[in-house]
Amino acid sequence: MSDALLVQQQGAIATLSMNRPDLHNAFDAALIQSLTETLSSLGADPGVRAVVLASTGPSFSAGADLQWMRAMATASQEENRIDSLALAGLMRTLDELPKPTIARVQGAAFGGGVGLVACCDIAIAADSARFGLTESRLGLLPAVISPYVIAAIGPRQARRWFATGEHFDALTAQQMGLVHQVVPADALDAAVQTQLNLLGKAGPIAAASAKVLVREVHAAGGDRDGLDRANAGLIAALRASDEGREGLSAFLEKRPPRWVAK
C-alpha cells in the first residue's frame, strides 16, 4: 500500500486515510488508483461491515493536486478524458460500495474533496471544516463529481456554488445536505463511532442495501407500478433471507441478533 493512503482495519471497520498532509491530501493519478483499488477490495471483503474515509493533517482533501493538473494541462484532450474517467471510476466505486461509508471531515474539503464527501453514505464534519466547489476559479467545472454533489445538495444549490466557486462553512454544508452532522473538532471521532455503533446493530445486508434502495427509488421517476413491484420484491427477499429471519426472531425473543458484536 502506498504511503499516500493508510489502511487500518479494526474488527469489521476499515478506515482509509489519505496521507498527503503537506499537499492538503490533494489527489493525483496514483492516489486515485490506490483509493479505487482499495475500496474495491474492501467492498468484496465479507469481514468488513463499514468503511470510514478520513485523512491526516489539517485538511480533508483539497481536491486535485495542482502539479498533476499542470501536467494534464499540457496533455491531449484524449489523455485528459482517460484521466477524468479514472476519477469518475473512483467516485462511482465509493458511491456504490456495498458497505456503509462514513466521511470524517476534519478540515478543508475543496473540489474533488467535496465529491468524496458527497459519495459517502454518512458525512460528519468538524465545525471548523470549510468547503468549496472551486473549479470555476480555474475556468473549469466540477463535472465529474457533479452527479454526486447534485444528489446531495440539489440542483438549486448546485447552480450557485458551481458558478461562484465560493467557500462555505460546515453549518452551511449541513443546511444544504452535504454533511449530516457538525460537531466540535474534539468530538469528531466520538460522533463517527456513534454512527459505527448504530451500523453495527443493523443487519449487514440491510445496511449495505439501503443505498441501493434509495438510488432505485430516486431513479424510478414516474413509474409507480414498477417501483411498487421492485420494492415488494426487495422486502420479500429480505424477509425470507437468513438475516431477515434472524432479525425478526431476535426481536420476538427479546435478544440481540447474531450480527451485533458482543
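Higher on the page you've got the structure.
These remarks concern the structure in this document. (Residues numbered from 1 in each chain as written. Predicted model: local features only at pLDDT ≥ 70, side-chain atom pairs only at ≥ 80, totals over all residues. Heavy atoms only, no water.)

In this section: the sheet that holds strand 1 (residues 5–10). Hydrogen bonds between backbone groups are what pair the strands of a sheet, and the pairing can be parallel or antiparallel. What the 6 strands build is an open sheet, ordered 1-2-3-4-6-9; its pairing is mixed. Pairing within the sheet leaves two strands with one partner each, and these edge strands are strand 1 and strand 9 (181–183). With strand direction ignored, the average angle separating the axes of adjacent strands in the sheet is 20°. Across 6 bridges, the pairing between strand 1 and strand 2 (residues 13–18) is antiparallel. Across the sheet, Leu 5 pairs through a bridge with Met 18, a residue of strand 2. Helix-sheet contacts for helix 4 (residues 112–119) involve strand 2, strand 3 (50–55), strand 4 (101–105) and strand 6 (122–126), and the interaxial angle to strand 4 is about 140°. (Pairing = 2+ DSSP bridges. Helix = DSSP H or I, 4+ residues; strand = E, 2+ residues; numbered from the N terminus. Axes fitted to C-alpha atoms, helices over the stretch in contact; angles between N-to-C directions. Contact = heavy atoms within 4.5 Å.)

Further remarks concern the packing of helix 4 against helix 5 (residues 146–153). It is at 8 Å that the axes of helix 4 and helix 5 come closest, and there the two elements cross at 60°. In terms of orientation, helix 4 lies oblique with respect to helix 5. Remark: the crossing between helix 4 and helix 5 carries left-handed chirality. Residues Val 114, Gly 115, Ala 118 and Cys 119 of helix 4 touch helix 5, and the partners they reach there are Tyr 148, Val 149 and Ala 152. Taken together, the residues of the contact of helix 4 with helix 5 break down into 6 nonpolar, 1 polar and no charged. (Parallel < 35°, antiparallel > 145°, perpendicular 65-115°, else oblique. Left-handed = near helix turned anticlockwise from the far one by under 90°. Nonpolar A, V, L, I, M, F, W, Y, C, P; charged D, E, K, R; others polar.)

Right, let's get into the sheet that holds strand 7 (residues 130–132). Pairing in this open sheet of 3 strands is mixed, and the strands run 5-7-8 from one edge to the other. The open sheet has two edge strands with one neighbour each: strand 5 (109–110) and strand 8 (167–169).

Before going further, it helps to examine the pairing of strand 2. Adjacent in sequence and paired antiparallel, strand 1 and strand 2 are bridged by 2 residues, among which Gly 11 carries a positive phi angle near 65°. Looking at chain direction, strand 2 and strand 3 are connected through 6 bridges and run parallel. Directly across from Met 18, in strand 3, lies its bridge partner Ser 55. Following the backbone out of strand 2, through helix 1 (residues 29–43) and into the adjacent parallel strand 3, one traces a crossover that is right-handed. (Right-handed = clockwise from strand over helix to strand, strands pointing away.)

To continue, consider the packing of aromatic side chains. Evaluation of the coordinates by the stated rule reveals 2 aromatic pairs. Between Phe 131 and Phe 168 the ring centres are 5.7 Å apart and the planes differ by 15°, which places this aromatic pair in the stacked class. Residue Phe 131 is located in strand 7, and its partner Phe 168 is located in strand 8; the two are separated by 37 residues in the primary sequence. Just as Phe 131 is buried, Phe 168 falls in that class too. Centroid distance Trp 161 to Phe 168: 4.7 Å. Interplanar angle 50°. Geometry classified as tilted. A relative accessible area of 4% places Trp 161 in the buried class. The structure contains a cluster of three or more aromatic residues connected by ring pairs, namely Phe 131, Trp 161 and Phe 168. (Phe/Tyr/Trp six-rings, centres within 6.5 Å; stacked < 30°, edge-to-face > 60°. Buried < 20%, exposed > 50% of the residue type's maximum accessible area, 1.4 Å probe, protein only.)

Limitation: the analysis is restricted to geometry and does not speak to function.
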